[in-house]
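Each chain, letter by letter, is given below.
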Amino acid sequence: MGRLEVDQVEVDLDPIVRGVLSTAVGLVGGKPIKLLKDLPDPLPMAQGDPVRIRQVLLNLYSNAAKFTDEGHITLHIREEADRVILAVQDSGVGIPQGNYELIFEEFRQAAAGRRQARQGSGLGLAISRQLVNLMGGDIWVESEVGQGSIFSFSLPRIPASDLSTNTRQPNLMSEGQ
Ligand SMILES: Nc1ncnc2c1ncn2[C@@H]1O[C@H](COP(=O)(O)OP(=O)(O)OP(=O)(O)O)[C@@H](O)[C@H]1O
Ligand SMILES: [Mg+2]
């Protein structure tokens, strides 16, 4: 696999989420799949490369659409103390627990009851993991065969007090460890 490079900048997730959700409409095609979102308002600011974050989300949506026949695909975003978690949940075929790590390897395909029609090269998750790791995050899966899967990845969070647009005066009383 070639060398991948990523930027590390403050990322506004809002335009990325909107673009990915509109692309997702085409990915599910005519299947009876609802596209749902579970997002905080406002969205947290993350650190990373906007083009790469979009690429990872699109890989996850493309998989979710491919391995789901009906139900929903839901985007969850939540913030923790020092990271933002983005997760794409589907109600698809699921993945046996023994394959959770294997599917992140190159050229590996291991969905439950995989059909010939579900094709691909087996690279999407391997590239996604590389990109997320380069941005300082992790990517992982939880799943239940026959119920669906949830692919989550983390990005470093930019605390509100560190945003370059912030004009708030520093509070000296709360400085220091
Ligand atoms: N949402 C999902 N539900 C069920 N299985 C999944 C899901 N996402 C990935 N998988 C399993 O993990 C394998 C690897 O996924 P990956 O995206 O790396 O490759 P691919 O989709 O098969 O091919 P490519 O992404 O290169 O087109 C898939 O072939 C499938 O077996
Ligand atoms: Mg894929």
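Values in this document were obtained by computation on a predicted structure and should not be read as measured data.

Observations regarding the overall build of the protein
Looking only at helices and strands, the protein has three helices and seven strands in total. Walking the protein from its N terminus toward its C terminus, one meets helices and strands in the order β-α-β-β-α-β-β-α-β-β. By the burial criterion, 30% of the 177 residues in the protein qualify as buried. Across the protein, every contact between residues at least 6 apart in sequence was considered, and the portion connecting residues at least 24 apart equals 68%.

What to know about unusual backbone geometry
Going from Asp41 to Pro42, the amide bond is cis rather than trans, its omega being 5°. Looking at the secondary structure, you find Pro42 in the loop between β2 (33–38) and β3 (45–48).

Notes on the nonpolar core
Nonpolar side chains tend toward joint burial in soluble globular proteins. If you look at the biggest cluster of nonpolar residues, it comprises 30 residues, and the most contacted ones within it are Leu57, Tyr61 and Val88. Put simply, the parts of the chain that give this core at least two residues each are α1 (13–28), β3, α2 (50–66), β4 (71–79), β5 (83–90), α3 (124–134) and β7 (148–156). Per-element accounting of this core gives the leading share, seven residues, to α2. Residue contacts for Tyr61: discarding those within four places in its chain leaves Val20, Ala24, Leu27, Ile73 and Val88.

A short note on the sheet that holds β4
Strand order in this open sheet of five strands is β2-β4-β5-β7-β6, and the pairing throughout is mixed. Unpaired on one side and paired on the other, β2 and β6 (139–144) mark the two borders of the sheet. Geometrically, the sheet is characterised by an average inter-axis angle of 15° between neighbouring strands, direction not taken into account. Where β6 meets β7, six bridges bridge the pair, whose relative direction is antiparallel. Bridged to Val141 within β7 is Phe151.

Thoughts on the environment of Gly136
Within the secondary structure, Gly136 sits in the loop between α3 and β6. On the basis of neighbour counts, which here come to 14 C-beta atoms within 10 Å, the residue Gly136 falls in the partly exposed class. As a C-alpha pair, Gly136 and Leu155 span 19 residues in sequence and 6.4 Å in three-dimensional space.

What counts as what
Residues numbered from 1 in each chain as written. Chains lettered and ligands numbered in written order. Predicted model: local features only at pLDDT ≥ 70, side-chain atom pairs only at ≥ 80, totals over all residues. Helix = DSSP H or I, 4+ residues; strand = E, 2+ residues; numbered from the N terminus. Buried ≥ 20, exposed ≤ 12 C-beta atoms within 10 Å, placed from the backbone. Contact = placed C-beta atoms within 7 Å. Core = buried A, V, L, I, M, F, W, Y, C linked by C-beta atoms within 7 Å. Pairing = 2+ DSSP bridges. Axes fitted to C-alpha atoms, helices over the stretch in contact; angles between N-to-C directions.

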